[in-house]
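Results of the structural survey
The lines below spell out each chain.
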Amino acid sequence: MNRKKSLIRSNELDEIAIEDMKHKSKVRLGFSDFSINLYENTKDKILTELNATEEDWINPKWQLKNRISSVDEISKYADLTQEEYEDIDKVSEEYRFAITPYYFALTDFNNPDCPIRLQSFPDIRELEEGGQLDPMNEGQSNPSGRITRRYPNKLIINVTNACPMYCRHCQRRRLIGNHDQNISKEGIDESIEFIENNNTIREVLVTGGDALLLSNNQLEKIFYRLSQISHVEVIRIGTRVLPTLPFRIDDELAILLRKYKVNVSTQFNHACEITPEAVRAIDMLVDHGILVRNQMVLLHNVNDDKYCIQKTNEELQKYRVIPYYLFHPKEVKGTKHFQVGIDKGLEIMKHLEGRTSGMCKPTYVYNSPCGLGKIPLVPIQNIEHEKDGYKFTTWENKTFIKNFRDD
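Bear in mind that the values here come from a model prediction, so they are computed numbers and not experimental data. (Residues numbered from 1 in each chain as written. Predicted model: local features only at pLDDT ≥ 70, side-chain atom pairs only at ≥ 80, totals over all residues. Heavy atoms only, no water.)

**Here's the deal with the overall build of the protein**
Across its full length, the protein carries 15 helices and 12 strands. Taking 407 residues into account, the globule formula puts the C-alpha radius of gyration at 22 Å, and the protein, at 23 Å, falls close to it. Along the first, second and third principal axes, the C-alpha set of the protein runs to 70 × 55 × 45 Å. Within the protein, contacts between residues separated by at least 24 positions form 75% of all contacts whose residues are at least 6 apart in sequence. Only carbon and sulfur atoms are counted for the fraction: they give 48% of the accessible area of the protein, which is about 20000 Å². Side chains of the protein carry 55 positive and 61 negative charges; the gap between the two charge centres is 6 Å. (Helix = DSSP H or I, 4+ residues; strand = E, 2+ residues; numbered from the N terminus. Rg over C-alpha atoms; globule rule 2.2 N^0.38 Å. Contact = heavy atoms within 4.5 Å. Areas by Shrake-Rupley, 256 points an atom, 1.4 Å probe, with all protein chains shown as cover. Lys, Arg positive; Asp, Glu negative; His and termini not counted. Charge placed at Lys NZ, Arg CZ, Asp CG, Glu CD.)

**Structural notes on the sheet that holds strand β2 (residues 154–158)**
One open sheet accounts for nine strands, arranged β1-β2-β3-β4-β5-β6-β7-β8-β9; its pairing is mixed. Each of the sheet's edge strands pairs with one partner strand only, and the pair in question is β1 (147–148) and β9 (373–376). Direction of pairing for strand β5 (residues 262–266) relative to strand β6 (residues 292–297): parallel, over a ladder of three bridges. Considered in β6, the bridge of S265 is made with R293. Sitting on the sheet, helix α15 (residues 342–352) is in contact with β7 (322–327) and β8 (363–368), with an inclination near 160° to β8. (Pairing = 2+ DSSP bridges. Axes fitted to C-alpha atoms, helices over the stretch in contact; angles between N-to-C directions.)

**Let's talk about a negative patch on the surface**
On the surface, D72, E83, E86, D89 and E93 cluster together to form a negatively charged patch. Among the elements that make up the negative patch, the one with the highest residue count is helix α6 (residues 82–94) (four residues). Its location among the elements puts E83 in helix α6. (Patch = residues over 30% accessible without salt bridge, like charges linked within 9 Å, V, L, I, M, F, W, Y side chains within 5 Å. Salt bridge = Lys/Arg side-chain N within 4 Å of Asp/Glu carboxyl O.)

**As for the sheet that holds strand β10 (residues 383–385)**
Pairing is antiparallel across the open sheet formed by three strands, whose spatial order is β10-β11-β12. Two strands in the sheet have a free side with no partner beyond their single neighbour: β10 and β12 (399–403). Geometrically, the sheet is characterised by an average inter-axis angle of 25° between neighbouring strands, direction not taken into account. Pairing geometry for β10 and strand β11 (residues 389–393), over three bridges, is antiparallel. Residue E384 lies in a different strand from β11, and its bridge partner there is K391.

**What about the packing of aromatic side chains?**
Note on aromatic pairs: each is described by the distance of the centres and the angle between the planes. The final tally for this structure, using the stated rule, is 11 aromatic pairs. Linked through ring pairs, Y39, W57, W62, Y102 and F247 together constitute an aromatic cluster. When the ring centre of Y324 is taken as origin, the NZ or CZ atom of R293, which lies over that ring, is 5.0 Å away. Its end group placed over the ring of F327, K330 keeps NZ or CZ at 4.6 Å from the ring centre. (Phe/Tyr/Trp six-rings, centres within 6.5 Å; stacked < 30°, edge-to-face > 60°. Lys NZ or Arg CZ within 6 Å of the ring centre and 35° of its normal.)

Following this line, the structure appears as structure tokens:
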């Protein structure tokens, strides 16, 4: 009798899983034949156009030197309409853009809603009114050097404004400017001296821009000085090179990060960014014992779909990256078209309950204005007070009562 009930329940769960699988199968993956063919075809065109080799392609310096940064360069590989050409050109006069050949080659040029394109190509909607240049109020959270401090025992050092690819949803687009520029030695000294003189600081995030665009020698100088401060227990680095410039990750860098026990925070926003090249970079880090966590941004038309979020986080778990945060998009000037309602994020988080592993569920957070910190957002509470106990709601919206006398 118990086995019969168990089989009935198992069949019910199969129906849910099969329905989920049907929807998840529509999410574009970086390992799919479609994505790999797109990549290889555009890659070949770029190599031919630039008279370059396979060895050039996997060289991060070559990738940075040959970033696509004008509409004329885009039009060499994509059939833009006259309107698209003019729109990209107009936006690029206001907001600089640059795309590594690697990331550019992941673009589905036939899909105007391609997640790669939406995140990297300038969009005329960036010129719409609304948003703020500094919604996090980082300018008022800077006690010294290039520090941002919003919490009692941790802070950020912004070491560069440079990135491999300038995401169109970037929270610090005000700092991109017209030139890539690393923090000066004086700025580093002032920042580290502040940390030395404040023994409340136990965790330091080195970020930017993208901190991994600094040379290994520059990084080691920073890591070494931080490691000599007795009250600094954790060093983290913020980077998006894994999805945008995975060739930056090599054995030498992994050994350096391991030497100083540096944790890595990265940002994959869609499963199509999780490519064979990106996974090679992930493996390089994780095999050296480096903790890699993902901080995804919820973006309209890019990933604001419950099955897309589920599949992307399951892919990350499969390749040993821990889903950490799902950020509600910040209201940055020029990013209004990426905004989504909080209800959408809550719906996604509710969907993940019970339908995927706890290891695949990030914390959904909203960054409060004026630099007041992150607020975890959760779906409608699964517990309610009753007269004689508690009413619980499961992931299937089934309810049960636990009486106080049962304790």
